[in-house]
Amino acid sequence: MKRRDILLGASSLATAAIVANSQLSTAKQPDSKTTAVTPTANVGKNIQIAKDLPGYYVTPAGTGKFPAVIVLMEAFGLNNWCKSICNRLAQSGFAAIAPDFYRGTTYEYTDVAGAIGKLKSLNDDAIMGDVGKSLDFLAGRSEINANGIGVIGFCMGGRYAFLTNAVYPTKIKAAISFYGGGIDATAGNPLGQKSILDRSPAMQSPIMLVYGSEDQLIAADEHGRVAAALSKAKKRYILNLFPKAGHGFMSDRRENYAPEAAAEAWMMTTGFFSQNLKPKKLKS
């Protein structure tokens, strides 16, 4: 494989499952502030997940019990790119919900200082509380299969996707962490993060970790420490490293966008979720 340098852990992803559901559309998002809960298929709505928690919600076309994915935002907030990820998941058959940890505040990609300042103010327990409210919201929706819920996160959200898999082990069936910095934060971490590797034993569901080889924010040796901790805890995981890809390579709105790596990573994402969240079809 040209794009995968490292592939660790056990994986039962079938090629057909990866290729299927691999829509690569990046539909633009409306800026509507409506709080209606029922979205138009594949184009979501801004909603109130809970009284004190806004967010974004979208379901696939049609009716039925859909698997769902909680989408955890980058440090720049619940912006249009994050919403586009929700829409793309809906196009692949998954309902998607993105809690707004910043309560309406977003930062331009050029405002790194502002985004980092906000990130530093976050509390892991409070963020996990917001994730719990998102799980409660999904549990109350008749169109959602509560036994098929996953989580995906990018950047800051990648770390929280890892943590979610440990904090809610019976409710999350699969987790994907894209360039989640600080999973094994060392002492003196400039973002004020602490290592969460000690939570690995609590995980019950498979996790896929995705990194870029040119990521200047996550040292290569952290990949090894994360893999070692998951292996020691005997957890199912996949670790993927994309050559010539940097931090934030999935976003076509960032300078580090790597289209080839992003396209392959998206196919892997939908394949991983299809394998672990959608009901298995029994052969007759």
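The structure this text deals with has already been given above.
So, here's what we can say about the structure. (Residues numbered from 1 in each chain as written. Predicted model: local features only at pLDDT ≥ 70, side-chain atom pairs only at ≥ 80, totals over all residues. Heavy atoms only, no water.)

Notes on the overall build of the protein chain
This is how the line gets drawn: Secondary structure elements are taken from DSSP: a helix is a run of H or I of four residues or more, a strand is a run of E of two residues or more, and numbering for both begins at the N terminus. Using a 1.4 Å probe on the protein chains alone, a residue whose accessible area is under 20% of its type maximum counts as buried, one over 50% counts as exposed, and one in between counts as partly exposed. Should any heavy atoms of two residues lie within 4.5 Å, those residues are counted as being in contact. With residues, only the protein chains shown are counted as cover, and all accessible areas are computed by Shrake-Rupley using a 1.4 Å probe.
The helix and strand inventory of the protein chain stands at seven helices and nine strands. The burial tally for the protein chain puts 54% of its 284 residues in the buried class. Long-range contacts, defined here as pairs at least 24 residues apart, represent 76% of the contacts in the protein chain between residues at least 6 apart. For the protein chain, the accessible surface area stands at approximately 12,300 Å², while carbon and sulfur atoms represent 53% of it.

Comments concerning the pattern of salt bridges
This is how the line gets drawn: Between Lys or Arg on one side and Asp or Glu on the other, a salt bridge is scored when a side-chain nitrogen of the former is within 4 Å of a carboxyl oxygen of the latter.
Within the structure shown, the criterion is met by eight salt bridges. A salt bridge links K133 to D52, with the nearest nitrogen and oxygen atoms 2.9 Å apart. Highlighted residues: K133 in helix α4 (residues 124-139) and D52 in the loop between β2 (45-50) and β3 (53-58), separated in sequence by 81 residues. On the basis of relative accessibility, which here comes to 27%, the residue K133 falls in the partly exposed class. Residue classification places D52 among the partly exposed positions, given a relative accessible area of 41%. Salt bridges sharing common partners tie together D184, D221 and R225.

A look at the side chain of N276
Position of N276 among the secondary structure elements: in helix α7 (residues 259-277). For N276, the residues in contact, after removing those within four places along its chain, are K173, A174, P206 and R236.

Some details on the packing of aromatic side chains
Filter applied, for reference: Side-chain rings of Phe, Tyr and Trp (the six-membered ring for Trp) are treated as a pair once their centres are within 6.5 Å; stacked means planes under 30 degrees apart, edge-to-face means over 60, and tilted covers the remaining angles. Whether a charge lies above a ring is judged from NZ of Lys or CZ of Arg, which has to be within 6 Å of the ring centre and within 35 degrees of the ring normal.
Applying the stated rule across the entire model yields 13 aromatic pairs. Consider the rings of Y179 and F249, whose centres lie 5.6 Å apart with planes at 65°: the pair is edge-to-face. Taken as a pair, Y179 in the loop between β7 (174-178) and β8 (207-212) and F249 in the loop between β9 (237-242) and α7 lie far apart in primary sequence, 70 residues in all. Cluster of aromatic residues (ring-pair linked, three or more members): W81, F154, F178, Y179, F242 and F249. Above the plane of the ring of F94 lies K278, whose end atom (NZ or CZ) is 4.7 Å from the centre.

Thoughts on the nonpolar core
Proteins that are soluble and globular tend to have nonpolar side chains buried together. The test is simple: We call a set of buried residues a nonpolar core when its members are Ala, Val, Leu, Ile, Met, Phe, Trp, Tyr or Cys and they connect through side-chain atoms within 4.5 Å of each other.
Grouped together as the largest cluster of nonpolar side chains are 90 residues, with contacts concentrated most on V71, F162, F178, L209, F249, M250 and F273. Among the elements that take part in this core, α7 stands out by supplying eight residues, more than any other. Here F162 is in contact with I183, I196, L197, S200, M203, I207, L209, V226 and L230, once residues within four sequence places are set aside.

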